[in-house]
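Coordinates in review
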Amino acid sequence: MKIAIIGGGNLGTAIAEGLLKSKFCKAADIAITKRNISTLKSLGDKGVFVTSNNNEAIKRAELIILAVKPFQVAEVIAGLKKDITAKHIVVSVITGVSLNDLDEMLKKKNPVFRAMPNTAIAIQESMTCISHSNTTAAQVQFVKQLFETLGKVTMIEDKLMDAATVLGACGTAYAMRYIRANIQGGIEIGFDSVTANLIAAQTVKGAAELLLQKGTHPEQEIDKVTTPKGCTIAGLNEMEHQGFSSSLIKGIATSYNKIVKG
Ligand SMILES: NC(=O)c1ccc[n+]([C@@H]2O[C@H](COP(=O)([O-])OP(=O)(O)OC[C@H]3O[C@@H](n4cnc5c(N)ncnc54)[C@H](OP(=O)(O)O)[C@@H]3O)[C@@H](O)[C@H]2O)c1
């Protein structure tokens, strides 16, 4: 399937790079656009079709990925309208634009997908939540496989997209703050910042991989490192007395309320 990425910024470029690296499709099957195409030179050198003409890009594509900023989407879709056919599969990665919004803007009952990746898409380690409407099983399978080349994927209902934004996309920032606190603690107990950074980041990566690869619950893994009367449980309990889990849950709820209530 030929793919047109409209909006070759951070996310659009990361998607194109990931598709090429994973060999999901050939460079010649990808078109990518932005108004100032000078920043897309390296993709052009790899054989990707680079243009500032969105209409030209979608005419040669079966699947369109919209990756412009939220305030640009209406104008971009209006400009594409004469060339979008009902057969085009439209995938939007634009925050805050629902499947209904897309349907109303497109007006052609296209198969539409909404994807919420996170910044780890740049290294093909994204968590991407996807909702869809007017789609066939084959189209869902194709879009799922596309994003699986860029990390892990879960299909969700569109009404959960705000929650996905918080847990999956804001979640990267929450994890960074947790790692940063570990680095600060590590320096206090004797490490230089570079060594503390390495130990903290790799330890968090390893902990996450244990859950992903073994399918265990965090508490099962905690049980394995908490010796009775030991240092781990003493530290953990002190963190909880200081409101560790509660502050995280409240932070997640606050981010969610900010999206939903403004
Ligand atoms: N970054 C993330 O991790 C992330 C995660 C989830 C969702 N998102 C969503 O993804 C979208 C893109 O985010 P981003 O970080 O990649 O933003 P970005 O770097 O600003 O990319 C948007 C790109 O759209 C291009 N553009 C603007 N108007 C255009 C037009 N008329 N035709 C073609 N291209 C046009 C811009 O380039 P020119 O000015 O040169 O045209 C720009 O490079 C946003 O809606 C964001 O909410 C991002």
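The preceding data block contains the structure.
**Examining a nonpolar patch on the surface**
- A contiguous nonpolar surface patch, about 310 Å² in accessible area, is contributed by Ile 189, Phe 191 and Ile 199.
- Within the secondary structure, Ile 199 is located in helix H8 (residues 193–214).
- Looking at Ile 199, the relative accessible area reads 38%, which means it is partly exposed.

**Things to note about the nonpolar core**
- In this structure, Ile 15, Leu 63, Leu 146 and Phe 147 are the most contacted members of the largest nonpolar core, which totals 31 residues.
- At the level of elements, strand E1 (3–6), helix H1 (10–21), strand E2 (30–33), strand E4 (63–66), strand E5 (89–92), strand E6 (112–116) and helix H6 (137–148) are the ones that each hand at least two residues to this core.
- For Phe 147, the contacting residues outside a window of four places in its chain are Ile 15, Val 91, Val 93, Ala 115, Thr 128, Ile 130 and Val 153.
- Counting residues in each nonpolar core, the second largest holds 22 residues, with Ala 4, Leu 66, Val 73 and Val 76 among its members.

**Quick notes on the side chain of Ser 126**
- Note on placement: Ser 126 falls in strand E7 (residues 126–133).
- For Ser 126, the side chain forms a polar contact with the main-chain nitrogen of Asn 118, separated by 3.1 Å.
- With residues up to four places along the chain from it excluded, the contact list for Ser 126 reads Pro 117, Asn 118, Ala 120, Ile 121, Leu 150, Gly 151 and Lys 152.

**Looking at the site of the ligand**
- With respect to spatial proximity, 23 residues lie near the ligand, and among them Asn 10, Leu 11, Arg 35, Val 68 and Thr 95 are the closest.
- Within the backbone of Gly 9, an N or O atom sits 3.4 Å from an oxygen atom of the ligand.
- Here an oxygen atom of the ligand sits 2.9 Å away from a polar atom, N or O, in the main chain of Asn 10.
- Within the complex, the protein chains bury 81% of what would otherwise be the 890 Å² of accessible surface of the ligand.
- Per-class residue counts for the shell around the ligand are 9 nonpolar, 11 polar and 3 charged.

**Observations concerning the pairing of E7**
- In terms of residue burial, E7 counts as a mostly covered element, since 6 of its 8 residues are buried.
- Alignment of E6 against E7, held across 5 bridges, turns out to be antiparallel. Bridging from a neighbouring strand, Ala 115 pairs with Ile 130 of E7.
- Two strands pair when backbone bridges link them, and E7 and strand E8 (residues 151–155) are joined in this way by 5 bridges, in the parallel orientation. Looking at E8, one finds that Ser 126 is bridged to Gly 151.
- Handedness of the E7-H6-E8 crossover: right-handed.

**Remarks on the environment of Ala 175**
- Note on placement: Ala 175 falls in helix H7 (residues 161–188).
- Ala 175 sits in the partly exposed class, given a relative accessible area of 35%.
- In this structure, the C-alpha to C-alpha distance between Ala 175 and Val 204, residues 29 residues apart in sequence, is 8.7 Å.

**Things to note about the environment of Ser 98**
- Mapped onto the secondary structure, Ser 98 falls in the loop between E5 and helix H5 (99–106).
- Residue class for Ser 98 comes out buried when judged on its relative accessible area of 18%.
- Apart from residues no more than four positions distant in its own chain, Ser 98 is found in contact with Arg 114 and Asp 158.

**Regarding the pattern of salt bridges**
- Enumeration according to the criterion identifies 10 salt bridges in this entry.
- Note that Lys 2 is salt-bridged to Asp 29, the shortest N-O span being 3.5 Å. Placement of the pair is Lys 2 in the segment before E1 and Asp 29 in the loop between H1 and E2, with a sequence separation of 27 residues.
- Two residues, Glu 157 and Lys 159, come together in a salt bridge whose shortest N-O distance is 3.6 Å.
- In this structure, a network of salt bridges that share partners links the residues Lys 214, Glu 221 and Lys 224.

What counts and how
- Residues numbered from 1 in each chain as written.
- Predicted model: local features only at pLDDT ≥ 70, side-chain atom pairs only at ≥ 80, totals over all residues.
- Heavy atoms only, no water.
- Patch = residues over 30% accessible without salt bridge, like charges linked within 9 Å, V, L, I, M, F, W, Y side chains within 5 Å.
- Areas by Shrake-Rupley, 256 points an atom, 1.4 Å probe, with all protein chains shown as cover.
- Salt bridge = Lys/Arg side-chain N within 4 Å of Asp/Glu carboxyl O.
- Helix = DSSP H or I, 4+ residues; strand = E, 2+ residues; numbered from the N terminus.
- Buried < 20%, exposed > 50% of the residue type's maximum accessible area, 1.4 Å probe, protein only.
- Core = buried A, V, L, I, M, F, W, Y, C linked by side-chain atoms within 4.5 Å.
- Contact = heavy atoms within 4.5 Å.
- Polar contact = N/O pair within 3.5 Å; in protein donor to acceptor, adjacent residues only side chain to side chain.
- Near = heavy atom within 4 Å.
- Nonpolar A, V, L, I, M, F, W, Y, C, P; charged D, E, K, R; others polar.
- Pairing = 2+ DSSP bridges.
- Right-handed = clockwise from strand over helix to strand, strands pointing away.

Bear in mind that shape data such as this cannot, by itself, settle questions of function.
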